Amino acid sequence: MKTEVENPDAAPARIAWYEAHIAESTRHINGRVRLWQRISFARGILFLASVTLAICGFAAVGGVQTPWFVAAGVVFIGLVGVAGFHERVESELADRRIWLRLNQESLARLERDWDRLPIVPVELGRDASVVASDLDLFGRASLFQLIGGVRLPLGVELLKQWMTTVPEVGEVAHRQRAIDELRNHDVFRDQLRYLCHRLASDEGGPDSLLAWSESPEVFDRRRVLIWLARFLAGATAITLAGLLTAWIPLTIGGPLLLGLLAVNFLATVVFAGSIHMQFNRVSPRNDEIRHYQSAFSHLVAGNESFECDRLRELHERLVEPPGDVLAATRILGRIAWMANLRRHGILFLAWLVLQFGFLWDFHVFEFLRQWKARHGTSVRRWLDALAQWEVLGALGQFARDHGDWPFAEVSVQSADQVILRGNELGHPLLDAKTSVRNDVEAGPPGSFLLVTGSNMSGKSTLLRAIGTNTVLAQLGAPVCARSLTLSPLKIETSMRIRDSLADGVSFFMAELRRLKEIVDVARDYEQRPGETLLFLLDEILQGTNSRERHIAVTRVVNHLIHHRAIGAVSTHDLELGTARELAEACRPVHFRESFETIDGRRRMTFDYRARPGIATTTNALELLELVGLDEPNRH
């Protein structure tokens, strides 16, 4: 694994690769659309021809009907063949469009074109939502959207959990090895992404299947219904056989058969709704279980070539007793086909006969119950493994697309030496052309990074770059840096605090409450060996006067470094770095701006480079002049 790189610009090569595949897919789709249209026209012509020939046969004069009917039959057989080919072309078109969309999304991620990317909803608790909002972890233009490629509900939940919790060092190492290995298996990874995307688009989806597998049985207390259904089906079969063989007289068998059909019809009316509800939880359509089979078959077959422990472990979850996932889903697929017979256009009439004559759905439901009794406890294991595969595959794609980003070095450091050190650290959400990278160091405990500078100079972006790269590092993913070294860090932030009219809380009080929460977390983590709090505070306590703000910020930072947290604080208070209480703990860096006159107009520019020391310039008054709010007597 790469823990340091020379930072060649790899993005253009990947962008060119995606553009070529998008162009190829577009050409193929356009060709197939034209073919589909021609086949549709031919299908319509053949249908009209078969109907016309049949009508001619019925209307034939002189009884010469057979040639017309033969011709109609031949044309109809051709129609069936063309219809089958038409459906294959349509299915291929749907698949090609999925591949095109996936490649378009990958290209949009590399270009940071957020409007072309889907937004996957993610539910967060309050504690996680504050940091997530401050660091843009979820939603539009977020780290989650940048990683992308995760659509299954369990996969989304797993990635969210990884992004909002602090893993053990060993777990990070396992993830890094798995991601590093997956990044080099393009075909396997792309096919996995396609299969998971298709499965997530299904009407039922893994959540529904999992909920059904872990739910109590519907008819546990009424198993007599199954035996009654078997008795009625047997009685109907015997009565029919007796009537056909004349063993039972029509005068007896006829009324008996009608009575049995009436009982079957009544049982269907009363219980079919509950049974069909269970069928729908498993597979609303026939092809959904086939999608599971395809996904698991791909994982079981493809994983034989992988070497790292995590991927081998995930393979074992799919094949360990009481039965491997391929055999189980194959059986479930047959049961789902029988359960959805009522939805089959051609076989619907057969289902009516089987249901009202022999209570078909009751027997299928019993097969489903037996499958659940045998394999239900394994479904979560299989779907959890699938979720991990999806997340690791997405992170492998992320690593492949950002081939110039290295893996971070995450290790447990001694309590006095905990440090975050980034060489050429950039913000991962910014385009490579606009991102400016800086060397950053936070820690050891007892010190903090003080970031000063004028408005719009890059202070907030630097803090967010530290936070988002820490999240990436602990995910096991590559980071936007030349190198990054850190210990396990719990991130807490105060950047985008808002007041609350509903709760009657002012902006200043909301900030104080948030800072108290961060100090409490620092106190808690001080007692945890191997884990440290990383605080990122951006322009805090602006809702009060400058004198009291200076005192309050000094006290808050003192509390944090007293509890051995590390972090960074951005501020316009240039005296904070020279305050007696913080002078020894402070490690200052600053950003600066420059002004130039172009075509008679004064303009301000930034280079976004962090330099040692406290800022020596401010730009508030210059900004007033630039927007036309300079001294009134000048006009």
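A brief report on the enclosed structure follows. If you're wondering where the values come from, they're calculated on a predicted model, not measured in any experiment. (Residues numbered from 1 in each chain as written. Predicted model: local features only at pLDDT ≥ 70, side-chain atom pairs only at ≥ 80, totals over all residues. Heavy atoms only, no water.)

### Quick look at the state of the cysteines
Stage number 1. The final tally for this structure, using the stated rule, is 0 disulfides.
Stage number 2. The thiol sulfur of C196 is not disulfide-bonded, and the nearest other cysteine sulfur, from C308, lies at 17 Å.
Stage number 3. Look at C196 and you get buried, because its relative accessible area is 1%. (Disulfide = S-S within 2.5 Å. Buried < 20%, exposed > 50% of the residue type's maximum accessible area, 1.4 Å probe, protein only.)

### Thoughts on the packing of helix α13 (residues 325-339) against helix α15 (residues 360-401)
Stage number 1. Look at α13 against α15: their axes get within 10 Å of each other, and the N-to-C directions meet at 150°. It follows that α13 is roughly antiparallel to α15 by the angle criterion. Regarding α13 and α15, the two cross each other, and that crossing is left-handed. In this structure, α13 contributes V325, A328, I331, L332, I335, M338 and A339 to the contact, and α15 contributes W360, V364, F367, L368, W371, H375 and W382.
Stage number 2. A breakdown of the residues in the contact of α13 with α15 according to their chemical character gives 13 nonpolar, 1 polar and no charged. (Axes fitted to C-alpha atoms, helices over the stretch in contact; angles between N-to-C directions. Helix = DSSP H or I, 4+ residues; strand = E, 2+ residues; numbered from the N terminus. Parallel < 35°, antiparallel > 145°, perpendicular 65-115°, else oblique. Left-handed = near helix turned anticlockwise from the far one by under 90°. Contact = heavy atoms within 4.5 Å. Nonpolar A, V, L, I, M, F, W, Y, C, P; charged D, E, K, R; others polar.)

### Focus on the pattern of salt bridges
Stage number 1. Here the structure, examined in full by the defined rule, presents 30 salt bridges.
Stage number 2. Here R310 ties to E313 by a salt bridge, and the two come within 3.6 Å at their closest N and O atoms. You can see R310 and its partner E313 sitting in helix α12 (residues 309-319), 3 residues apart, about one turn around the helix.
Stage number 3. Owing to a relative accessible area of 8%, R310 belongs among the buried residues under this scheme. (Salt bridge = Lys/Arg side-chain N within 4 Å of Asp/Glu carboxyl O.)

### So, helix α7 (residues 186-200)
Stage number 1. In this model α7 runs 21 Å from its N-terminal to its C-terminal C-alpha over 15 residues, within 8% of the 21 Å that 1.5 Å per residue would give.
Stage number 2. Along α7, 11 of the 15 residues are buried, which leaves the element largely enclosed by surrounding structure.
Stage number 3. Here α7 has its buried residues at F188, R189, D190, L192, R193, Y194, L195, C196, H197, R198 and L199. (Expected span 1.5 Å × (residues − 1).)

### Here we look at a nonpolar patch on the surface
Stage number 1. Together, F47, L48, V51 and I55 give the surface a local cluster of nonpolar side chains, amounting to about 380 Å² of exposed area.
Stage number 2. Among the secondary structure elements, L48 is positioned in helix α1 (residues 11-58). (Patch = residues over 30% accessible without salt bridge, like charges linked within 9 Å, V, L, I, M, F, W, Y side chains within 5 Å. Areas by Shrake-Rupley, 256 points an atom, 1.4 Å probe, with all protein chains shown as cover.)

### Considering the sheet that holds strand β9 (residues 586-590)
Stage number 1. Spatially, the 6 strands line up as an open sheet ordered β6-β7-β8-β4-β9-β12, and their pairing is mixed. Each edge of the open sheet carries a strand with a single partner, namely β6 (489-494) and β12 (611-612).
Stage number 2. One ladder, built from 6 bridges, connects β6 with strand β7 (residues 532-538); its direction is parallel. Residue pairing across strands places I491 opposite L534, the latter belonging to β7. (Pairing = 2+ DSSP bridges.)

### So, the sheet that holds strand β1 (residues 409-410)
Stage number 1. The sheet built from 4 strands is open, its strands ordered β1-β5-β2-β3 with mixed pairing. The open sheet has two free edges, formed respectively by β1 and β3 (438-442), since each of these has just one partner strand.
Stage number 2. In the packing of helix α16 (residues 459-475) onto the sheet, the strands contacted are β1, β2 (420-425), β3 and β5 (483-486), and the crossing angle to β2 comes to about 110°.

### Observations concerning the packing of aromatic side chains
Stage number 1. With the rule as written, the count across this model stands at 13 aromatic pairs.
Stage number 2. Relative to F362, the ring of F271 lies with its centre 6.2 Å away and its plane at 80°, an arrangement referred to as edge-to-face. Highlighted residues: F271 in helix α10 (residues 250-282) and F362 in helix α15, separated in sequence by 91 residues.
Stage number 3. Here the aromatic cluster, defined as three or more aromatic residues joined through ring pairs, consists of F188, F306 and W389.
Stage number 4. Taking the ring centre of W162 as reference, the NZ or CZ of R175 above it sits at 4.0 Å.
Stage number 5. A cation sits over an aromatic face here: R528 above Y525, 4.3 Å from the ring centre. (Phe/Tyr/Trp six-rings, centres within 6.5 Å; stacked < 30°, edge-to-face > 60°. Lys NZ or Arg CZ within 6 Å of the ring centre and 35° of its normal.)

### Digging into the pairing of β7
Stage number 1. Across the 7 residues of β7, 7 count as buried, placing the element largely inside the fold.
Stage number 2. A two-sided burial pattern is seen for β7, the buried positions comprising T532, L534, L536 and D538 on one face and L533, F535 and L537 on the other.
Stage number 3. Here 5 bridges tie β7 to strand β8 (residues 566-571), and the two strands are oriented parallel to one another. Counted as the bridge partner of L537 is V569 from β8.

### With respect to α16
Stage number 1. Taking 1.5 Å per residue, 17 residues should reach 24 Å; α16 reaches 25 Å between its end C-alpha atoms and fits that length.
Stage number 2. Counting buried positions along α16 yields 15 of 17 residues, so the element is predominantly enclosed.
Stage number 3. The first or second residue beyond α16 is G476, which carries a positive phi of 95°.

### Regarding unusual backbone geometry
Stage number 1. In this structure, P444 follows G443 across a cis peptide bond, with omega equal to 5°.
Stage number 2. If you trace the backbone, P444 turns up in the loop between β3 and β4 (448-452).
Stage number 3. Not every positive phi belongs to a glycine, and E424 is a case in point at roughly 55°.

### Here's the deal with the pairing of β8
Stage number 1. Counting buried residues along β8, 6 of its 6 residues qualify, which places the element largely inside the surrounding structure.
Stage number 2. The alternating pattern of β8 places I566, A568 and S570 on one face and G567, V569 and T571 on the opposite face, and all of these are buried.
Stage number 3. Alignment of β4 against β8, held across 4 bridges, turns out to be parallel. Bridge pairing in β8 links L449 to A568.

### What to know about the packing of helix α6 (residues 169-182) against α15
Stage number 1. As a packed pair, α6 and α15 sit with axes 8 Å apart at the nearest point and diverge in direction by 65°. Regarding α6 and α15, the two cross each other, and that crossing is right-handed. In this structure, α6 contributes R175, A178, I179 and L182 to the contact, and α15 contributes W389, L392, G393, L395, G396 and A399.

Interpretation in functional terms is not warranted from these geometric data alone.
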